[in-house]
Amino acid sequence: MAVRKLAPEDMQPEIFVLSPETEAFADKEVAKYPPGRQASAVIALLGKAQEQAGGWLPRKAIEAVAAKLDMPVIRVMEVATFYTMFNLEPVGKYFIQFCGTTPCMLRGAGDIRKVLESRVGEQNHVSPDGTFSWLEVECLGACSNAPMVQINDDYYEDLTTENFEKLLDDLAAGRPVKKGSQIGRNRSEPHQAVNTLQDPALYDGSLVGAWRNRFEEQAKAAETGEAAAAVASVPEQAKAAKPTAGRPIESDAADTPAKRAKEGETPINPVDRKEAADPSTATKGKSHTEEGARPAPQSSKSYVASPTKDGEAVPNSPTTPEAGTPPAQAETRRDGSESKPDVVVTEDNKTS
Ligand code: FES
């Protein structure tokens, strides 16, 4: 890639003023963005300024764009020197961008380059009559029609030394030229026999939505197959179902008031009624500690037994509390927390 720097001072014009057309274009572009975001239009404006300046960007044009967009000049300069579509030196009336990337080279771009060198001279120099200048660039995206060049805004493809020489002659003479393929190819179709994508159904619209039809047909076939499978699975002489088939089996509970009433017994067990009437058997508040063993309180000591010399297992610490020891008598935890106090069930809290 060529070095991106501004043209020498002796090539720079002393003044550049945006034309009314460029001003109107700039206002239209700036209006596309929110207030304060006018810098977003910088590329569009640089392109228009380049067009006004005859195909390249003098320093004064860059400064004029910066002023129009209220941007620091250096920021506009950064954009102008970064993108290769902005020419920083004068170009010919016909600016030729020659593709020198592999597909074009494999298809004869080397010969096209020789024509340019013989007709125009070295790249980045304008021909003596000011008609042509050229620059080698990377792939321009028309590889299928290689080799090719871009002249100003148009592509010229399928070049040979002969048709390229004629193209340059016609441009220099001001004669009309044919854009695109120079060998009669239609866009990027095969330039000889067309032997692919020839089924008329591809173009008559009959295949539009074909993928959807296929899925619907498959779903219908699956439904039909399932229905047929279901019919085939029904035995010819179906057996009568058991009365309880598919239903929960209900049976009487062992002893309920309803069962007793049904059997002619007193609904409430007489023994229960008697006990309920006896105040001496009413539930009293009891501490859990009265109900036998309970989980051992938490302690910082390990309860893993260690074998002794005699092979017996004893607790690791002689201070390990006995199971059921009240928290008040248990050793204080290392972390300072106390055991959770026992909950005593009393008449006051047993129903809460
Ligand atoms: S390589 Fe030349 S156009 Fe892609």
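These remarks concern the structure in this document. For clarity, every value in this text was computed on a predicted model and none was experimentally measured. (Residues numbered from 1 in each chain as written. Predicted model: local features only at pLDDT ≥ 70, side-chain atom pairs only at ≥ 80, totals over all residues. Heavy atoms only, no water.)

Moving on, we come to the pattern of salt bridges. Across all of its chains, the model carries 15 salt bridges by this definition. In this structure, E117 engages R113 in a salt bridge whose closest nitrogen and oxygen atoms are separated by 3.3 Å. One end of the pair is E117 and the other is R113, both in helix α6 (residues 109-119) and 4 residues apart, which spans about a single turn. Assessed through its relative accessible area of 33%, E117 is described here as partly exposed. Since its relative accessible area comes to 24%, R113 is described here as partly exposed. Within the structure, one salt-bridge network assembled from shared partners comprises E21, K48 and E51. (Salt bridge = Lys/Arg side-chain N within 4 Å of Asp/Glu carboxyl O. Helix = DSSP H or I, 4+ residues; strand = E, 2+ residues; numbered from the N terminus. Buried < 20%, exposed > 50% of the residue type's maximum accessible area, 1.4 Å probe, protein only.)

With that out of the way, let us pick up unusual backbone geometry. Going from A146 to P147, the amide bond is cis rather than trans, its omega being -5 degrees. Position of P147 relative to the elements: it lies in the loop between β2 (132-137) and β3 (149-151). One non-glycine residue with positive phi stands out, namely N124, at about 70 degrees. Looking at the secondary structure, you find N124 in the loop between α6 and β2. N124 gets classed as partly exposed once you look at its relative accessible area, which sits at 38%. One non-glycine residue, N152, adopts positive backbone phi at about 50 degrees.

In the contact formed by helix α1 (residues 20-30) and helix α2 (residues 42-52), the axes pass within 10 Å of each other and the chain directions differ by 170 degrees. Classified by the angle their axes make, α1 and α2 are roughly antiparallel. From α1, E21, T22, F25, A26 and E29 reach across to α2, where they touch A44, L45, K48 and Q52. Residue classes in the contact of α1 with α2 are distributed as 4 nonpolar, 2 polar and 3 charged. (Axes fitted to C-alpha atoms, helices over the stretch in contact; angles between N-to-C directions. Parallel < 35°, antiparallel > 145°, perpendicular 65-115°, else oblique. Contact = heavy atoms within 4.5 Å. Nonpolar A, V, L, I, M, F, W, Y, C, P; charged D, E, K, R; others polar.)

Attention now moves to the packing of aromatic side chains. Under the criterion given, the structure shown has 4 aromatic pairs. Ring plane angle 35 degrees and centroid distance 5.8 Å describe the contact between Y94 and F132, whose orientation is recorded as tilted. Taken as a pair, Y94 in strand β1 (residues 94-99) and F132 in strand β2 lie far apart in primary sequence, 38 residues in all. Their ring planes at 85 degrees and their centres at 6.0 Å tell us that F98 and W134 sit as a pair that is edge-to-face. (Phe/Tyr/Trp six-rings, centres within 6.5 Å; stacked < 30°, edge-to-face > 60°.)

So, on to the nonpolar core. If you look at the biggest cluster of nonpolar residues, it comprises 28 residues, and the most contacted ones within it are I96, F98, L116, F132, V149, I151 and F164. If you list the elements that add at least two residues to this core, you get β1, α6, β2, β3 and α7 (161-173). No other element matches β1, which puts 5 residues into this core. Not counting residues up to four positions away in its chain, the partners in contact with V149 are I96, Q97, F98, I112, D154, Y155, Y156, L159 and F164. Formed by 23 residues, the second largest nonpolar core is a distinct cluster that contains V42, L57, V65 and L88. (Core = buried A, V, L, I, M, F, W, Y, C linked by side-chain atoms within 4.5 Å.)

Another aspect to go through is the pairing of β1. Across the 6 residues that make up β1, a large majority, 6, are buried. Here β1 shows two buried faces, one formed by Y94, I96 and F98 and the other by F95, Q97 and C99. Pairing geometry for β1 and β2, over 6 bridges, is parallel. Residue pairing for β2: F98 is matched across the bridge by E136. Pairing geometry for β1 and β3, over 3 bridges, is antiparallel. Across the sheet, Q97 pairs through a bridge with Q150, a residue of β3. (Pairing = 2+ DSSP bridges.)

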